[in-house]
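# Overview (structure and organization)
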Amino acid sequence: MAPEPKLYGELADWWHVLSPPAEYAEEAGIYARVFREHARGPLRSLLELGSGGGNNASHLKAWFEMTLVEPSTAMIRQSRRINPELEHRIGDMRTVRLDRTFDAVFIHDAVTYMMSEEDLRQAMETAYLHCRAGGVALFAPDHVRETYRSETSHGGSDGPDRALRYLEWDWDPDPSDSRHVVDYVYAMRLPDGSVRVEHDRHEAGLFARQTWLDLLQATGFEPHRIPVEHSELEPGSYEVFVGLKP
């Protein structure tokens, strides 16, 4: 694994300014619908692996009884601010074992930090072991190799006493391997009016859709690719993967 990005450690306190939880409502609703359409049997308990600052969970908890697993203690602190009633556990999605099963398992874009097929297989195995028979696992990578393209974007928000703006540059230095790079520049306005600027590099995995499907099947899941439409994304540019446990 690459070094932990600053955003998930020393800059974690800025997470909800950079990425406000309210912006996840539409996306979380899409994932909830995918779960409902594919689960066999009851659908109440949901395990999220790599839950980060809890933005998706802040919406998904309206439908599910959730347990959140995240390796960064700094990000868990952010999640507890908006999800104080939920169970939080420290753990790596590749190795954590809770010794219980759930109706569904969810891995959002944190799965992007699996940079080798072995890392990805281990994350899928964790999902499989924690999914009940007839349950469903949902994996939501930012990109697959077939639809990836280099791009730039920007965003951020104003808080009550501080503000943040970011520039995001997503690029692939070596198209022959299974990785891409996302460079961020953060401009953070502090309560005293001063501005702090930081660069933060995120290294991420990039796999062909057939690799996703093959690894899901090898893990024991019945694999499915699900195209997803979101109002802020170009049609046909986003897809998720579902694993059904026999």
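Structure: above.
Model, not experiment: these values are computed from the prediction.

Taken in spatial order, the seven strands make up an open sheet running 3-2-1-4-5-11-10, and their pairing is mixed. Of all strands in the sheet, those bounded by a partner on one side alone are strand 3 (87–90) and strand 10 (222–227). The mean inter-strand angle of the sheet, taken between neighbouring strand axes irrespective of direction, is 20°. When strand 1 (residues 45–49) meets strand 2 (residues 65–70), the two strands line up parallel, connected through five bridges.

Glancing now at the environment of arginine 209. Mapped onto the elements, arginine 209 comes out in helix 6 (residues 209–219). Separated by 62 residues in the primary sequence, arginine 209 and threonine 147 place their C-alpha atoms 9.5 Å from one another. Sequence-distant contacts of arginine 209, that is, excluding residues within four places in its chain, are made with Val144, Glu146, Thr147, Arg225, Glu239 and Phe241.

On the surface, a cluster of nonpolar side chains totalling about 350 Å² of accessible area is made up of Leu167, Val185, Val195 and Val197. Along the chain, valine 195 falls in strand 9 (residues 195–205). Residue classification places valine 195 among the exposed residues on the basis of a relative accessible area of 53%.

Within helix 6 the residues assigned to the buried category are Thr211, Trp212, Leu213, Leu215, Leu216 and Thr219. Those residues of helix 6 that are buried are in contact with helix 5 (117–130), strand 5 (131–139), strand 10 and strand 11 (239–244). One or two steps after helix 6, the chain reaches glycine 220, where phi turns positive at roughly 120°.

With six of six residues buried, strand 4 (residues 102–107) lies mostly within the body of the structure. Both strand 4 and strand 5 contribute to a ladder of five bridges, which runs parallel. Its bridge partner being in strand 5, isoleucine 107 is matched across the sheet by phenylalanine 139. Chirality of the crossover, the property in question, places the unit of strand 4, helix 5 and strand 5 among those that are right-handed.

Most of the time, phi is negative for any residue but glycine, and the peptide bond is trans. Positive phi is not limited to glycine here, since aspartate 99 has a value of about 60°. Along the polypeptide, aspartate 99 turns up in the loop between strand 3 and strand 4.

This next bit is on the packing of aromatic side chains. Aromatic ring pairs: the centre-centre distance and the angle between the two ring planes describe each pair. Going through the model one piece at a time under the given rule, you end up with 12 aromatic pairs. Measuring from centroid to centroid gives 5.1 Å for tyrosine 128 and phenylalanine 221, while their planes differ by 80°, and the two rings are edge-to-face. A residue pair is termed long-range when its members are at least 10 positions apart, and tyrosine 128 in helix 5 and phenylalanine 221 in the loop between helix 6 and strand 10 qualify at 93 residues. When the centroid spacing of 6.4 Å and the interplanar angle of 55° are considered together, the rings of phenylalanine 139 and tryptophan 212 count as tilted. In this pair, phenylalanine 139 sits in strand 5 while tryptophan 212 sits in helix 6, placing the two residues 73 residues apart along the sequence. By relative accessible area, which is 2% here, tryptophan 212 ends up buried. Linked through ring pairs, Tyr128, Phe139, Trp212, Phe221 and Phe241 together constitute an aromatic cluster.

What counts as what
Residues numbered from 1 in each chain as written. Predicted model: local features only at pLDDT ≥ 70, side-chain atom pairs only at ≥ 80, totals over all residues. Heavy atoms only, no water. Pairing = 2+ DSSP bridges. Helix = DSSP H or I, 4+ residues; strand = E, 2+ residues; numbered from the N terminus. Axes fitted to C-alpha atoms, helices over the stretch in contact; angles between N-to-C directions. Contact = heavy atoms within 4.5 Å. Patch = residues over 30% accessible without salt bridge, like charges linked within 9 Å, V, L, I, M, F, W, Y side chains within 5 Å. Areas by Shrake-Rupley, 256 points an atom, 1.4 Å probe, with all protein chains shown as cover. Salt bridge = Lys/Arg side-chain N within 4 Å of Asp/Glu carboxyl O. Buried < 20%, exposed > 50% of the residue type's maximum accessible area, 1.4 Å probe, protein only. Right-handed = clockwise from strand over helix to strand, strands pointing away. Phe/Tyr/Trp six-rings, centres within 6.5 Å; stacked < 30°, edge-to-face > 60°.

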